[in-house]
Amino acid sequence: MPDTVTLLVNGEERSLEVEGRTLLVHALRDGLGLTGAHIGCDTSQCGACTVLLDGRAVKSCTVLAHQAEGRDVTTIEGLAPDGELHPIQRAFVEHHGLQCGFCTPGVILTAADLLSRGGSPSDEEIRHALRGNLCRCTGYQGIVESIRAVGAAS
Amino acid sequence: MSDTLGVARPRLDAPEKVTGATRFAADGYVHGLLHARPVLATEPHARIRGFDTDATLAVPGVVAVLSAADLPLAGTGTDRTSEPLAREEVVFAGQPVALVVAETEAAAEDGAELLVVDYEPLEAVVDVEAAMEPGAALARTVEDSDDEGGDLESVHGQVDKGQEDDAGEQLSGNVLDRVTREQGDVAAAFAASDAVVEATFRTPWVYQAYIEPQVCTAWLEPSGTLVVSTSTQGSFVTRRELARAFDLPLDRVRVIAEPLGGAFGGKFALVEPLAVGAALALQRPVRLVLTRSEDFAATNPASAQVTHLKVAARADGTLTAIEARMIVDRGTNAGWGVEGATSLLVAGPYRWQAHDLRGYGVQTNRFTFGAYRAPGAPTAAFALESLLDELARELDLDPIELRLKNAVVEGDVGVSGNPFPTIGAVEVLERLREHPLWAQRNSLPDGEAVGMAAGHWPGAMEPASAVCRVDADGTMTVVTSVADMSGVNSGFAVIAAAAFGLPPEQVRVVTADTASAPYAGASGGSKVTYTVGPAVIRAAEAAREKLLAAAAQELEIAPGDLEVVDGVVRAVGAPDRSMTVQEVASKALRFGGRYEPIEGHGGSAQTSGAPSVAAHLSHVRVDRQTGEVTVLRHVIAQDVGRALNPALVEGQMRGGAVQGIGWALFEQLDHDEDGRLLTGSFLDYAIPTAERVPEIDTLIVEVPAPDGPFGAKGIGEAPVVGAPAAVANAVARAAGTRLYELPMTPPRVWQALRS
Ligand code: FES
Ligand code: FES
């Protein structure tokens with residue numbers, strides 16, 4: 001039975017009809033048109049669907065839309081609401097942190113969580129934080145360099 | 001121009017990809033869209049007796065259950081385009097047998113789960129070597145009466161197929177293809193050699209593992225045009241395949257190649273016939289997005305191979321003879337296989353005095369073979385480069401010196417019978433030798449070692465064209481049909497900018513659909529930059545001529561006395577007599593204007609190849625207790641011809657090297673003995689994660705390709721080729737024992753350490 005769930009998405013209150021089993025990733029993509037959250041697997045392995053839930057990176061394919069009721073969801077579209085690039089996004093552009101870009105929104109939001117914890121993470125810490133984000137194109141080095149650059153600048 | 005080419009620049013599409021603005025093929029909104037869910041065969045080999053659709057059709061929202069007979073297919077071919085759903089005979093577990101189409105994804109999923117398929121099991125052919133024996137059961141019993149599906153082969157690479165072998169070898173009907181290349185007296189050459197080594201090597205089925213699963217949306221416009229929005233490497237080849245499968249005129253099929261979320265050889269007309277068939281049958285828009293599990297089970301990974309290889313050398317390291325018998329598991333692909341490519345590439349970029357190379361393409365009830373980055377090459381290099389290290393060890397020679405002594409140069413005749421064009425094998429090996437890691441190799445702690453290996457990819461060719469258009473704001477748009485798999489659009493931008501005289505920031509590149517794009521082949525075979533690049537240069541030059549003709553009149557200076565620099569047309573030697581490109585263009589593009597639009601078309605038809613060579617150093621540690629191999633550091637040197645954008649070139653080198661590390665250590669699609677997939681998710685099939693791979697040092701070597709755009713070569717495939725062998729050679733040194741089968745998982749290494 002569909003019923004209504006209300007989420008705070010990228011700073012705006014959004015209500016939509018979902019079924020009990022609807023996953024957050026489907027609510028975002030199909031319900032709200034926020035297609036920056038990608039679906040790369042069905043076993044919660046790839047991290048392409050990663051969003052920030054109350055500031056923490058979660059795989060939105062592992063969360064029911066209902067579980068996000070009233071909570072703060074940030075998707076890649078909302079990372080830099082004023083139209084400028086967020087420093088992490090800028091770093092990914094400048095340090096070649098992407099190729100096909102399919103993993104990129106999830107990777108950036110994982111990085112946002114890591115960097116929000118302060119300090120300037122080591123390569124080892126960065127790679128550890130990325131263990132749930134698969135990238136088949138880059139070999140990860142550009143990703144690590146991008147995140148390292150933001151950490152070093154902060 | 002000098003500050004346009006060779007400068008590291010962000011990808012053109014980076015800003016929209018980091019903001020989530022890119023619409024991938026699963027992202028677009030389509031009015032009235034239906035969702036399809038495939039039902040995959042649970043049997044590896046069976047006849048379909050029938051379906052029980054009652055429960056499925058009772059699910060609210062389910063619109064239809066479609067089987068092969070419901071799709072308006074034209075022929076009876078058994079290639080995956082002609083037979084997107086099994087007709088009567090299931091030939092692998094995972095083959096789509098039906099589509100459930102519904103108003104929502106959830107309903108389609110529920111309906112698919114409830115569909116009952118009645119199978120009559122047949123004997124499954126799972127062991128590729130046993131499958132070759134005379135009298136073996138056949139993996140397919142229905143004859144392919146209408147097989148025209150071989151066209152996809154041509155998009156992957158130009159590898160000649162050798163002579164047919166009719167030596168009278170007794171083989172079963174599962175052997176679909178035999179390739180033989182012979183030259184010289186191999187037996188005599190072995191007999192006269194100082195060291196002879198041989199071994200049998202095995203590599204498994206390996207999955208492309210693009211992170212975007214295969215996806216396609218198809219609909220009919222009211223005009224009758226079929227529109228196909230898809231994640232594909234080639235829009236024109238997809239159009240041709242769909243027109244053939246459904247007997248439609250080419251101009252009624254419009255294929256839109258959406259931004260690719262990775263492909264690596266695997267995205268060619270595999271899901272399109274399913275979505276199209278459903279859309280035509282139901283006359284409504286249909287989207288099919290494979291789940292990851294479906295993508296694992298139902299698509300087209302790289303072949304498993306068994307390679308028997310024997311090579312020899314004289315005491316001074318001169319290679320003498322090579323003999324190979326290479327068995328390629330094609331699965332159900334009757335159209336093409338890599339036996340031709342792999343039995344050519346196994347000779348490597350080296351000179352041989354005599355060779356006897358045989359390739360066998362064998363059908364089994366496993367998957368449908370497809371292309372994966374440098375098809376057939378990583379396996380070939382794994383075998384050859386392992387044995388070259390064995391020769392070096394037996395002859396007490398430095399492994400790099402051994403290879404350098406035999407590396408081909410331009411004009412050397414390869415085992416294909418053709419002379420090599422310009423090739424940077426020597427330059428790459430010399431550059432690799434200078435890396436400090438090579439000097440450190442003899443002073444490493446116990447359990448660590450450095451291995452090296454080389455590999456090459458011949459490249460490919462196909463005619464191509466491009467259009468360059470300058471708008472009234474002075475910016476340029478390059479139009480091609482190319483699906484940007486590896487960053488080629490960003491390369492086109494600097495090529496066009498350099499050829500025209502604009503800052504690269506003022507050039508954008510669009511991929512047009514088959515209704516309007518100039519022709520180019522599919523992205524594959526490392527041919528896009530090499531073939532479309534020259535077309536872009538010629539298109540930019542043609543546009544530049546229009547610009548100069550108009551500017552000549554405006555400035556009253558002959559076109560030959562004008563130059564275009566950084567978006568400004570000016571008199572040679574008198575730079576203050578000038579106009580901006582924007583001023584000229586805006587005079588042309590207006591009502592009553594007197595000049596032709598600043599636009600050009602260019603084409604290319606390359607006839608000379610441009611092989612790329614890459615060589616690797618891999619520094620590994622082997623844990624003697626667990627058998628676990630850790631790559632601590634990895635170096636790749638590659639001849640790229642000319643690095644148009646070094647940042648993107650390095651990205652290809654690193655990405656390829658890491659995929660090679662995946663081949664070496666982690667990846668295998670495993671079946672049980674009945675032919676059912678055991679490793680069908682990212683839980684069981686491990687691709688490299690950030691934690692499990694090291695930094696990759698890149699050494700760019702530039703040996704310009706005479707016919708390449710500004711000397712550039714295709715570079716996407718070469719970097720993966722030698723990487724598994726480099727890791728294997730490092731493991732052999734570190735463990736003191738060699739592994740002949742990939743991947744080198746902890747249990748296998750542990751076993752090897754104890755035997
Ligand atoms: S789609 Fe959520 S982890 Fe893969
Ligand atoms: S950039 Fe393609 S998967 Fe990461």
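Owing to the predicted nature of the structure, the values given are computational and were not obtained by experimental measurement. (Residues numbered from 1 in each chain as written. Chains lettered and ligands numbered in written order. Predicted model: local features only at pLDDT ≥ 70, side-chain atom pairs only at ≥ 80, totals over all residues. Heavy atoms only, no water.)

1. Notes on the overall build of chain A
And then number 1: Counting secondary structure elements, chain A contains 5 helices and 5 strands.
And then number 2: The secondary structure elements of chain A, listed N-terminal to C-terminal, are β-β-α-β-β-β-α-α-α-α.
And then number 3: Whereas a compact globule of 154 residues would reach a radius of gyration of roughly 15 Å, chain A reaches 15 Å, a difference of no more than 12%.
And then number 4: Counting only C-alpha atoms and orienting by the principal axes, one finds that chain A spans roughly 45 × 30 × 25 Å.
And then number 5: Within chain A, buried positions represent 55% of all 154 residues.
And then number 6: Counting contacts in chain A only where the partners sit at least 6 residues apart, residues at least 24 apart contribute 55% of the total.
And then number 7: Just so you have it, chain A exposes about 6,000 Å², and 49% of that area is on carbon and sulfur atoms.
And then number 8: Across chain A, 12 positive and 19 negative side-chain charges occur, with their mean positions spaced 8 Å apart. (Helix = DSSP H or I, 4+ residues; strand = E, 2+ residues; numbered from the N terminus. Rg over C-alpha atoms; globule rule 2.2 N^0.38 Å. Buried < 20%, exposed > 50% of the residue type's maximum accessible area, 1.4 Å probe, protein only. Contact = heavy atoms within 4.5 Å. Areas by Shrake-Rupley, 256 points an atom, 1.4 Å probe, with all protein chains shown as cover. Lys, Arg positive; Asp, Glu negative; His and termini not counted. Charge placed at Lys NZ, Arg CZ, Asp CG, Glu CD.)

2. Let's talk about the interface of chain A and chain B
Interface size is often expressed as the accessible area that is lost when the parts come together.
And then number 1: With 44 residues of chain A in contact, the opposing surface of chain B contributes 53 residues.
And then number 2: Between chain A and chain B the total buried area reaches about 3,900 Å² when both faces are included, carbon and sulfur atoms providing 56% of it.
And then number 3: Linking chain A with chain B are 4 salt bridges, by the criterion used here.
And then number 4: Between B:Glu667 and A:Arg136 there is a salt bridge whose closest N-O contact spans 2.7 Å.
And then number 5: Connecting chain A to chain B are 24 residue pairs in polar contact (both at pLDDT 80 or more).
And then number 6: Secondary-structure elements contributing two or more residues to the side of chain A that touches chain B are helix 1 (24-31), helix 2 (87-94), helix 3 (104-116), helix 4 (123-129) and helix 5 (141-153) of chain A.
And then number 7: For the side of chain A that touches chain B, a count of residues per class yields 17 nonpolar, 17 polar and 10 charged. (Buried area = accessible area lost by both parts, 1.4 Å probe. Salt bridge = Lys/Arg side-chain N within 4 Å of Asp/Glu carboxyl O. Polar contact = N/O pair within 3.5 Å; in protein donor to acceptor, adjacent residues only side chain to side chain. Nonpolar A, V, L, I, M, F, W, Y, C, P; charged D, E, K, R; others polar.)

3. As for the domain arrangement of chain B
Residue and element names in this part refer to chain B.
And then number 1: By the assigned domains, chain B splits into domain 1 (34-122 + 214-289), domain 2 (154-204 + 302-408), domain 3 (424-451 + 612-755) and domain 4 (462-604).
And then number 2: With centres defined by C-alpha atoms, the gap from domain 1 to domain 3 works out at 37 Å.
And then number 3: On the domain 3 side, the residues contacting the 5 residues of domain 1 number 4 residues.
And then number 4: Roughly 320 Å² of surface becomes buried between domain 1 and domain 3 when both sides are summed, with 40% attributable to carbon and sulfur atoms.
And then number 5: Per-residue buried area on domain 1 facing domain 3 is highest for Pro 44, Ala 93 and Phe 264; these three make up 74% of the total on that side.
And then number 6: Where domain 1 meets domain 3, there are 1 salt bridge.
And then number 7: The partner of Arg 676 in a salt bridge is Glu 43, with the nearest N and O atoms 3.3 Å apart.
And then number 8: Considering only residue class, the side of domain 1 that touches domain 3 consists of 3 nonpolar, 1 polar and 1 charged. (Domains from an automatic or database assignment.)

4. A closer look at the environment of A:Gln141
And then number 1: The topology assignment puts A:Gln141 in helix 5.
And then number 2: Residue classification places A:Gln141 among the buried residues on the basis of a relative accessible area of 3%.
And then number 3: Remark: the alpha-carbon pair of A:Gln141 and A:Arg127, spanning 14 residues in sequence, is separated by 9.5 Å.
And then number 4: Apart from the residues within four sequence positions on either side, A:Gln141 is in contact with A:Arg127, B:Arg654, B:Glu695 and B:Ile696.

5. Side note on the packing of helix 6 (residues 235-246) of chain B against helix 7 (residues 272-282) of chain B
Residues and elements named next belong to chain B.
And then number 1: In the contact formed by helix 6 and helix 7, the axes pass within 11 Å of each other and the chain directions differ by 50 degrees. Between helix 6 and helix 7, the interaxial angle falls into the category oblique. With respect to the hand of their crossing, helix 6 and helix 7 are arranged in right-handed fashion. Facing Thr 238, Leu 242 and Phe 246 of helix 6, the residues of helix 7 in contact are Glu 272, Pro 273, Val 276, Gly 277 and Leu 280.
And then number 2: Here the contact of helix 6 with helix 7 is composed, by residue class, of 5 nonpolar, 2 polar and 1 charged. (Axes fitted to C-alpha atoms, helices over the stretch in contact; angles between N-to-C directions. Parallel < 35°, antiparallel > 145°, perpendicular 65-115°, else oblique. Left-handed = near helix turned anticlockwise from the far one by under 90°.)

6. Re empty space enclosed by the protein
All names here are of chain B.
And then number 1: Under the defined criterion, the tally for this structure stands at 11 cavities of 30 Å³ or more.
And then number 2: As a volume, the largest cavity reaches approximately 550 Å³.
And then number 3: In terms of lining, the largest cavity is formed by 36 residues, of which the most central are Ser 486, Val 488, Gln 652, Ile 715 and Gly 716.
And then number 4: Counting residues per element, the ones that place at least two in the lining of the largest cavity are helix 14 (488-500), helix 15 (528-555) and helix 17 (646-665).
And then number 5: Considering each element in turn, the lining of the largest cavity owes the most residues, 3 residues, to helix 17.
And then number 6: Partitioned by chemical class, the residues of the lining of the largest cavity number 15 nonpolar, 16 polar and 5 charged. (1 Å grid on protein atoms, 1.4 Å probe; cavity = no way out; pocket = protein on both sides within 12 Å on 5 of 7 lines; lining within 4 Å. Points joined across faces, edges and corners; volume = space filled by probe spheres on them.)

7. Side note on unusual backbone geometry
Residue and element names in this part refer to chain B.
And then number 1: The linkage connecting Leu 742 with the following residue, Pro 743, adopts the cis geometry, with an omega of -10 degrees.
And then number 2: Relative to the elements of secondary structure, Pro 743 occurs in the loop between helix 19 (723-735) and helix 20 (746-754).
And then number 3: Positive phi outside glycine occurs at Ala 269, with the angle close to 50 degrees.
And then number 4: Note on placement: Ala 269 falls in the loop between strand 12 (253-257) and helix 7.
And then number 5: Look at Ala 269 and you get buried, because its relative accessible area is 2%.

8. Let's talk about the environment of B:Gly234
Residue and element names in this part refer to chain B.
And then number 1: Inspection of the secondary structure puts Gly 234 in the loop between strand 11 (226-230) and helix 6.
And then number 2: Separated by 287 residues in the primary sequence, Gly 234 and Gly 521 place their C-alpha atoms 6.6 Å from one another.
And then number 3: If near-sequence neighbours (up to four positions away) are discounted, Gly 234 is found in contact with Phe 268 and Ala 522.

9. Thoughts on the packing of helix 10 (residues 377-395) of chain B against helix 19 of chain B
Residues and elements named next belong to chain B.
And then number 1: Relative to each other, helix 10 and helix 19 sit at 35 degrees, their axes nearing to 8 Å. For the pair helix 10 and helix 19, the crossing hand works out as right-handed. In this structure, helix 10 contributes Pro 378, Ala 381, Phe 382, Glu 385, Ser 386 and Asp 389 to the contact, and helix 19 contributes Pro 724, Ala 725, Ala 728 and Asn 729.
And then number 2: Class assignment of the residues belonging to the contact of helix 10 with helix 19 gives a composition of 6 nonpolar, 2 polar and 2 charged.

10. A closer look at the pattern of salt bridges
Residue and element names in this part refer to chain B.
And then number 1: According to the stated counting rule, one finds 48 salt bridges over all chains in the structure shown.
And then number 2: Among the salt bridges present, the one from Arg 403 reaches Asp 389, with a minimum N-O distance of 2.9 Å. Of the two residues, Arg 403 sits in helix 11 (residues 399-406) while Asp 389 sits in helix 10, which places them 14 residues apart along the sequence.
And then number 3: Taking relative accessible area as the criterion, Asp 389 reaches 9% and is therefore assigned buried.
And then number 4: One salt bridge in this structure joins Arg 508 and Asp 471, with 3.7 Å as the shortest N-O distance. Placement of the pair is Arg 508 in strand 20 (residues 507-511) and Asp 471 in the loop between strand 18 (464-470) and strand 19 (476-480), with a sequence separation of 37 residues.
And then number 5: When salt bridges with common partners are traced through the structure, they connect Arg 11, Asp 13, Lys 17 and Asp 484 into a single cluster.

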